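Breakdown of the fold
Listed below are the residues making up each chain.
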Amino acid sequence: MKILKFGGTSVGSVERIYAVRDLIVNDEPKIVVLSAMSGTTNALVGIGDALYAKTPDKAKQLIQELETKYRGVIEELFQQDEFKQKANRLIDNQFDIIRGLCEYLFNERKERRLLAQGEIISTHLMQYHLEESGVNSVLLDSLEFMRIDVHDEPDLEYSSEKLTKILEQYADTKLFIAQGYICLNSFGEVDNLKRGGSDYTASLIGAAIQADEIQIWTDIDGMHNNDPRIVDKTRPIAELSFEEAAELAYFGAKILHPACVKPAQSKNIPVRILNTMKPHLQGTLITSKVSGREVKAIAAKDNIIAIKIKSGRMLMAYGFLRKLFEVFEKYRKSVDTVTTSEVAVSVTIDDDKNLDKIVAELQEFSTVEIDRDLSTICIVGDLMEDTYGYARKIFQPFEDIPIRMISYGGSKNNVTLLVKTEYKHTVLNLLNKSLFNL
Ligand code: ADP
Ligand code: ASP
Ligand code: MG
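Computed from a predicted structure; not experimentally measured.

What follows concerns the site of ligand 2. Neighbouring ligand 2 are the residues S35, T41, E119, Y181, R195, G196, G197 and S198. Contacts to ligand 2 include S35, whose side-chain N or O atom sits 3.1 Å from an oxygen atom. Here an oxygen atom of ligand 2 sits 2.7 Å away from a polar atom, N or O, in the side chain of R195. A total of 260 Å² of accessible area belongs to ligand 2 in isolation, and the protein chains cover 86% of it. Among the residues making up the shell around ligand 2, the classes are represented as one nonpolar, five polar and two charged.

Structure (structure tokens):
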């Protein structure tokens, strides 16, 4: 069994939905994980924001625009009246739910339900389209087998048990469709795996049923060596190790959800990134194999906060690091990068939830300084301790750019630098030249 995930752009128009159908209709057993049609989740976020801002008229207008879009899609997607009616009934139903969520006070629970509608709609439309085309497929309900715990961590064992049982009921079926992104939480409420979460769904489903391969179909021909939204000349990477791909995803390569490599890696399932618009291209293959002693790619992540924690007596003051990290542990805050000196430790975090409380506790035994508006620049590859020459190439571009932090040696897979976000554009372009000659 393979898992094929198609992102928002890949199902973003009727033409793209037809192209996905052509890619998935064959004899190979598969579960197809779909995102919402492009623009939908952003529109739903906008509706939620309007409701939080107590501007219900704006929310109503956005809802109307989204509904009109789907009515247009249905007209174009289906040929037979029977299927047009069926799809229009789905839209009636989901938009009744959406409008219902706007009544009374809006809250986070309602917001999560609102955000789930995009994937529910896209998967139903695909299933109806397959039915109209005479293809035998089964629409799965991801809410029946995707669950997160109190700490927002997916429950893989639960998914594995549930999904295996569900699939057993359809022994003759080769094609399954499922929603990406959505899940239930520990209260049994509709929740999600955070923005871009459909990649994570695909990887979790793959791990849950020990799939042969997980394919991430998107709008670009694989993981590139640098961020194509910022740098003009980038090129696809043919092969990456799980570690390299995980670092790139975690440190900002938007093409993969930050956590999506882990489940696949845990079950040693190859992940392939492919382009829906150019399916003949080889894309990127991610496996346990480490290939080539070289720098593979650069990624950048914004909204980073650096915390400098100074102690009067760090040198020989054992226990300081333990005390410091216990504070982060207490607030379940993951620290991305760490550097130390004789008297101070700097760490980075990527959101400011509970930051006030963390700072207050740190101040009980140290002085604390906070820097905001920073970006990490992460250089990833097989950077063995005995490879020569990379330091010069990495640091050359920083002649006129101040560096806030440098981290290397935690693993041989990455060098991480911290700069003010205003320099990110320049840094990524200069590094592209010095490391890749592009
Ligand atoms: P999908 O909707 O299919 O999930 P995303 O927009 O989430 O697609 O991810 C694909 C996009 O990621 C690309 O169009 C590209 O702009 C962006 N991207 C950022 N960094 C990289 C990278 N290193 N390699 C490829 N794409 C990247
Ligand atoms: N639709 C969700 C989002 O836009 C999930 C995804 O596309 O992966 O974030
Ligand atoms: Mg994505």
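Here the focus is the packing of helix 2 (residues 40–52) against helix 3 (residues 56–77). The description of two packed helices rests on the angle between their axes and on the distance between the axes. One can describe the packing of helix 2 onto helix 3 by two numbers: an axis separation of 8 Å at closest approach and a directional angle of 160°. When the axis of helix 2 is compared with that of helix 3, the two are roughly antiparallel. For the crossing formed where helix 2 meets helix 3, the hand is left-handed. Contact residues: T40, A43, L44, G46, I47, A50 and L51 in helix 2; K58, A59, L62, I63, L66, K69 and Y70 in helix 3. Among the residues forming the contact of helix 2 with helix 3, the class breakdown is 10 nonpolar, two polar and two charged.

Taken as a whole and assessed by the stated rule, the structure comprises 26 salt bridges. Measuring nitrogen to oxygen at the nearest pair gives 3.3 Å for the salt bridge that ties K84 to E75. Residue classification places K84 among the buried positions, given a relative accessible area of 16%. Between E213 and R272 there is a salt bridge, and its shortest N-O distance comes to 3.0 Å. Remark: R272 occurs in strand 9 (residues 271–275) and E213 occurs in strand 7 (residues 213–218); sequence separation between them is 59 residues. Using a relative accessible area of 9% as the deciding quantity, one classes E213 as buried. On the basis of relative accessible area, R272 is assigned to the partly exposed category, the value being 26%. The structure contains a network of salt bridges with shared partners spanning E67, R71, D92 and R99.

The next subject is the nonpolar core. One finds F6, I24 and L125 to be the most contacted residues of the largest nonpolar core, which totals 47 residues. Apart from the residues lying within four places of it in its own chain, the contact partners of I24 are L4, F6, K30, V32, L130, L175 and I177. I3, Y200, L240 and V261 belong to the second-largest nonpolar core, a separate cluster that totals 46 residues.

Bringing the packing of aromatic side chains into the picture now. All chains considered together, the criterion is met by eight aromatic pairs. On the basis of an interplanar angle of 70° and a centroid distance of 5.0 Å, the ring pair of Y52 and F106 is categorised as edge-to-face. Linking Y52 in helix 2 with F106 in the loop between helix 4 (81–102) and helix 5 (108–115), this pair joins segments that are 54 residues apart in sequence. Note on F106: relative accessible area 10%, which makes it buried. Considering the side-chain rings of F320 and F365, the 6.0 Å spacing of their centres and the 85° angle between planes classify their relative orientation as edge-to-face. One end of the pair, F320, is in helix 11 (residues 320–330); the other, F365, is in the loop between helix 12 (355–362) and strand 14 (367–381), and 45 residues separate them in sequence. Residue F365 is classed as partly exposed on the basis of its relative accessible area, which comes to 22%.

With that out of the way, let us pick up unusual backbone geometry. Outside of glycine, negative phi angles account for most residues, and trans bonds account for most peptide bonds. In this structure, N303 is a non-glycine residue whose phi angle is positive, near 60°. Within the secondary structure layout, N303 lies in strand 11 (residues 295–310). Its identity is not glycine, yet N437 carries a phi of approximately 55°, on the positive side. Turning to its location among the elements, N437 is positioned in the segment after helix 14 (424–436).

On to the sheet that holds strand 15 (residues 405–408). Strand order in the open sheet made by the six strands is 12-13-11-14-16-15, with antiparallel pairing throughout. This sheet does not close on itself; its edge strands, each paired only once, are strand 12 (337–340) and strand 15. Each strand axis lies, on average, 25° off the axis of its neighbour in the sheet, ignoring direction. For strand 11 and strand 13 (residues 344–349), the ladder comprises six bridges, and the chain directions are antiparallel. By the bridge assignment for strand 13, K308 is matched with S346. Where helix 9 (residues 242–250) meets the sheet, its contacts fall on strand 11, strand 14 and strand 16 (414–420), and the angle it forms with strand 11 comes to roughly 55°.

Parameters at a glance
Residues numbered from 1 in each chain as written. Chains lettered and ligands numbered in written order. Predicted model: local features only at pLDDT ≥ 70, side-chain atom pairs only at ≥ 80, totals over all residues. Heavy atoms only, no water. Near = heavy atom within 4 Å. Polar contact = N/O pair within 3.5 Å; in protein donor to acceptor, adjacent residues only side chain to side chain. Areas by Shrake-Rupley, 256 points an atom, 1.4 Å probe, with all protein chains shown as cover. Nonpolar A, V, L, I, M, F, W, Y, C, P; charged D, E, K, R; others polar. Axes fitted to C-alpha atoms, helices over the stretch in contact; angles between N-to-C directions. Helix = DSSP H or I, 4+ residues; strand = E, 2+ residues; numbered from the N terminus. Parallel < 35°, antiparallel > 145°, perpendicular 65-115°, else oblique. Left-handed = near helix turned anticlockwise from the far one by under 90°. Contact = heavy atoms within 4.5 Å. Salt bridge = Lys/Arg side-chain N within 4 Å of Asp/Glu carboxyl O. Buried < 20%, exposed > 50% of the residue type's maximum accessible area, 1.4 Å probe, protein only. Core = buried A, V, L, I, M, F, W, Y, C linked by side-chain atoms within 4.5 Å. Phe/Tyr/Trp six-rings, centres within 6.5 Å; stacked < 30°, edge-to-face > 60°. Pairing = 2+ DSSP bridges.

As far as function goes, none of this settles anything; it's purely spatial.
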